[in-house]
Structures are given as structure tokens and as C-alpha cells.
Amino acid sequence: MKRLVLLIPVLAALAGLSACGDKPQTMGGNKGHVAAFEGAKNKFVAPGWNPGDKNSWEQGLKARLQNTQNEYSKTN
């Protein structure tokens, strides 16, 4: 009985220390990152945008901001 009484705190301490052994969870980095304006070169791109053309990418963002994502212009 005395051994059991001494064994319980030892097991509890081991269970508590087992959480300290976690490995770091890293994403591994981004391999193959390209700029957003490089984009996909397929038939599903927005009309008027040329993949790889930064100026047309920025113009498309400005147009989308003013025409579809501006709640103030939608309500007035």
C-alpha cells in the first residue's frame, strides 16, 4: 500500500512532464513564392488583366475597390 501511495505522485509528475516534450510546429516555409501579379496563366483570369503585368494588376485592384467593394458608393 505504501508503494502505491508513492507511485501515484511519481506517475502524476511523469504525466505532467510529458507535455513539455512537444516539438515545434513550423510550416516549413513558402517554397516557390511568386508575386501576386504574376498570377495564373490560364483561361480563368479576370478580363483585362495580363498575367505578369503589374500595372494591369494594380488597375484591376483599383477598379474592384471602387466598383464592388466600396459600400459607400453602393448606398449613395
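Note that the structure is predicted; figures quoted are calculated from it, not measured. (Residues numbered from 1 in each chain as written. Predicted model: local features only at pLDDT ≥ 70, side-chain atom pairs only at ≥ 80, totals over all residues. Heavy atoms only, no water.)

## What to know about the overall build of the chain
Where we set the bar: Runs of E in the DSSP output that reach at least two residues are strands. Runs of H or I that reach at least four are helices, and both are numbered from the N terminus. Burial classification: accessible surface area is computed with a 1.4 Å probe over protein chains only, and a residue below 20% of its type maximum counts as buried, one above 50% as exposed, and the rest as partly exposed. Methods summary: accessible areas were calculated by the Shrake-Rupley approach with a probe of 1.4 Å, and residue burial reflects only the protein chains presented.
From N to C terminus, the chain includes three helices and zero strands. Along its sequence from the N terminus, the chain presents helices and strands in the succession α-α-α. Taken across its 76 residues, the chain has 4% of its residues classed as buried. Carbon and sulfur atoms make up 61% of the accessible area of the chain, which amounts to about 7100 Å² in all.

## Considering the confidence of the model for the chain
Stated formally: Summary of the metric used: pLDDT quantifies the predictor's per-residue confidence within the range 0 to 100.
Per-chain confidence: the chain averages 78 in pLDDT, with 84% of residues scoring 70 or above. Averaged over each element, pLDDT in the chain is lowest for helix α3 (residues 71–75) (70) and highest for helix α2 (residues 54–67) (86).

## What about the layout of surface pockets?
Formally: The distinction between a cavity and a pocket rests on a 1 Å grid over the protein atoms alone: a 1.4 Å probe fits inside a cavity but cannot get out, while a pocket stays open yet meets protein on both sides within 12 Å along at least five of seven lines, and a residue with an atom within 4 Å of a point counts as lining. Grid points are joined across faces, edges and corners, and a volume is the space filled by probe spheres set on the points. For this classification, Asp, Glu, Lys and Arg are treated as charged, while Ala, Val, Leu, Ile, Met, Phe, Trp, Tyr, Cys and Pro are nonpolar and the rest, including Gly, are polar.
Taken as a whole, the largest pocket spans an internal volume of roughly 160 Å³. Split by residue class, the lining of the largest pocket holds five nonpolar, three polar and one charged.

## Regarding a nonpolar patch on the surface
Applied cut-off: Patch members must show over 30% relative accessible area and no salt bridge, and they are joined within 9 Å when carrying like charges or within 5 Å when they are nonpolar side chains of Val, Leu, Ile, Met, Phe, Trp or Tyr. Counted as salt bridges are all cases of a side-chain nitrogen of Lys or Arg within 4 Å of a carboxyl oxygen of Asp or Glu.
Side chains of Leu7, Val10, Leu11 and Leu14 sit close together on the surface and give an oily, nonpolar patch of about 370 Å² of accessible area. Within the fold, valine 10 resides in helix α1 (residues 2–17).

## Remarks on the side chain of serine 56
The condition is simple: Between N or O atoms, a polar contact is any pair within 3.5 Å; within protein, one atom must be a potential hydrogen donor and the other a potential acceptor, and residues adjacent in sequence are included only when both atoms are from side chains. Contacts: residue pairs with any heavy atoms within 4.5 Å of one another.
The topology assignment puts serine 56 in helix α2. Residue classification places serine 56 among the buried residues on the basis of a relative accessible area of 12%. In this structure the side chain of serine 56 is engaged in a polar contact, spanning 3.4 Å, whose partner is the backbone nitrogen of asparagine 50. Apart from residues no more than four positions distant in its own chain, serine 56 is found in contact with Gly48, Trp49 and Asn50.

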